[in-house]
Amino acid sequence: MRVADILFPEKCIFCGKLLSSDENGYCIGCGHRLSYVTEPVCMRCGKPVADAETEYCSNCEMNIFPALDKGAAVWVYDEVTKLAMADFKYGGCAEDAAVYADEICSARYDFIQKCKPDAIVPVPIHKKRFRFRGYNQAERLAAEMSKRIGIPVLPLIKRTLYTQPLKKLSATERKKSLLSAFEADEKLCREQIPDNVLLVDDIYTTGSTVEVCAKVLKSIGVKSVYAIYICIGKDF
C-alpha cells in the first residue's frame, strides 16, 4: 500500500464513506441508489421524459431553431447526485473529474462514437468565478475525458459576461441573461475550426447555457454540436 493511500484514503464522492479496495469512486450502497438515464428521453437534449410518445422535453419543444444537435447524460440530477455536483463545482473536489469521466466514457461510449467528435469543448466560466473556485469543473472533466478517448480539448468559447448564479433564475431569465455572456476565442478560431464538437458540462437543467454555447460554435463554422453531461434533470 502506498503512503498516499494511508494519508489520503479514497472516499465515496456521494456520501463520503471510506472506500474498500474493490470500490472505485463511490461505494456500493450509493451505486445502488444512482438513477442512470434510460429511455424514454428527449430526442434532442437527452432529458428523461414522461413516456415514449413524448419526442421532446418542454424546453426543447419551445426552442424552434435549436443549435444543439443532440445530447446525453449519465445520471438523473436528484437527491443522490445533487450534493456531489455541488462539491465538484463549488467544493474544491476537482479530482472527482476522473471518476465522472470514467462513468461518461463507459456509460455513454456508444453516444460518443456516433457523434464522431473532432474536439471536446468545455463550457467556460467567467474569470471572476475561476479566480474564486480555482478551476473550471467542465475543463477538468473535458481533460479527463480526453485522456480516455484520445480526442483533443479545444476551449473555443470564453465567457465574457459575469452573471448571477443561474439556479436563481427562471428558464426565460436564464436565456436573457446568457444571450451575450459567451463568445468565440478568436485566436483559437483562426487556427482551427472542427466539424463536429462534443460540448461538455457537469449538469443540464433548462439547457440555456448549452444552447447559447452551441449557437456560438455554429456561428464560427462548427457543423454539428453534441453535448454530454454528468447529470440531467427530468421533464416530469
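Values in this document were obtained by computation on a predicted structure and should not be read as measured data. (Residues numbered from 1 in each chain as written. Predicted model: local features only at pLDDT ≥ 70, side-chain atom pairs only at ≥ 80, totals over all residues. Heavy atoms only, no water.)

A. Here's a closer look at the pattern of salt bridges. A full pass over the atoms with the stated rule returns eight salt bridges. In this structure, the salt-bridge partner of Asp 69 is Lys 218, at a minimum N-O distance of 3.2 Å. Of the two residues, Asp 69 is situated in the loop between helix H3 (58–62) and strand E1 (70–76) and Lys 218 in helix H11 (residues 208–219); the sequence distance between them amounts to 149 residues. Residues joined in a network through salt bridges with shared partners are Asp 102, Glu 144, Lys 147 and Arg 148. (Salt bridge = Lys/Arg side-chain N within 4 Å of Asp/Glu carboxyl O. Helix = DSSP H or I, 4+ residues; strand = E, 2+ residues; numbered from the N terminus.)

B. Representation of the pairing of strand E5 (residues 196–204). Taken across its nine residues, E5 has nine buried, putting it largely inside the fold. Bridging between strand E2 (residues 119–122) and E5 involves four bridges; their strand directions are parallel. Its bridge partner being in E5, Ile 120 is matched across the sheet by Leu 198. After leaving E5, the chain enters H11 and then returns to the sheet as strand E6 (residues 224–232), a path that is right-handed. (Buried < 20%, exposed > 50% of the residue type's maximum accessible area, 1.4 Å probe, protein only. Pairing = 2+ DSSP bridges. Right-handed = clockwise from strand over helix to strand, strands pointing away.)

C. Representation of the confidence of the model for the protein in the model. Taken over all residues, the pLDDT of the protein has a mean of 91, while the share at 70 or more is 90%. Overall, residues 1–7 carries pLDDT values under 50, and its contacts beyond four positions in sequence, including any with other chains, amount to two contacts. (pLDDT = per-residue confidence, 0-100. Contact = heavy atoms within 4.5 Å.)

D. Just the nonpolar core, in detail. Cys 45, Leu 68, Ile 157, Phe 182, Leu 199, Leu 217 and Tyr 229 are the most contacted members of the largest nonpolar core, which has 37 residues in total. A total of six residues in this core trace back to one element, the largest contributor, which is H11. The contacts of Leu 199, once residues within four sequence positions are left out, are Val 121, Val 123, Ile 157, Val 210, Cys 213, Ala 214, Leu 217, Val 225, Tyr 226, Ala 227 and Ile 228. (Core = buried A, V, L, I, M, F, W, Y, C linked by side-chain atoms within 4.5 Å.)

E. Spotlight on a negative patch on the surface. Together, Asp 51, Glu 53, Glu 55 and Glu 61 give the surface a local cluster of negative charge. For Glu 55, the position within the fold is in the loop between helix H2 (28–33) and H3. (Patch = residues over 30% accessible without salt bridge, like charges linked within 9 Å, V, L, I, M, F, W, Y side chains within 5 Å. Areas by Shrake-Rupley, 256 points an atom, 1.4 Å probe, with all protein chains shown as cover. Lys, Arg positive; Asp, Glu negative; His and termini not counted. Charge placed at Lys NZ, Arg CZ, Asp CG, Glu CD.)

F. Region of the structure containing the side chain of Glu 211. Inspection of the secondary structure puts Glu 211 in helix H11. Beyond its immediate sequence surroundings of up to four residues, Glu 211 is in contact with Asn 63, Phe 65, Pro 66, Ala 67 and Leu 68.

G. Molecular detail of helix H8 (residues 137–149). Look at H8: 18 Å from first C-alpha to last across 13 residues, which is about the 18 Å you get at 1.5 Å a residue. Along H8, the residues that are buried comprise Gln 137, Ala 138, Leu 141, Ala 142, Glu 144, Met 145 and Ser 146. A distance of 3.0 Å separates the backbone nitrogen of Ala 138 from a side-chain oxygen at the start of H8, and that oxygen is part of Asn 136. Looking one or two places after H8, you find Gly 150, whose phi comes out positive at around 70 degrees. (Expected span 1.5 Å × (residues − 1). Polar contact = N/O pair within 3.5 Å; in protein donor to acceptor, adjacent residues only side chain to side chain.)

H. Spatial organisation of the environment of Val 121. Mapped onto the secondary structure, Val 121 falls in strand E2. Overall, the relative accessible area of 0% leaves Val 121 in the buried class. When near neighbours in sequence (up to four residues on either side) are disregarded, Val 121 contacts Leu 154, Leu 156, Ile 157, Val 197, Leu 198, Leu 199 and Val 200.

I. Geometry of helix H4 (residues 79–90). Counted at 1.5 Å a residue, the expected span for H4 with its 12 residues is 16 Å, and the 17 Å between its end C-alpha atoms agrees. By the burial criterion, the buried members of H4 are Val 80, Thr 81, Ala 84, Met 85, Phe 88 and Lys 89. Considered in projection along H4, the buried side chains sweep an arc of 130 degrees and stay on one side of the axis. The exposed set on the far side of H4, more than 90 degrees from its buried face, consists of Glu 79 and Leu 83. A positive phi of about 80 degrees marks Gly 92, the residue just after H4. (Arc of directions from axis to C-beta.)

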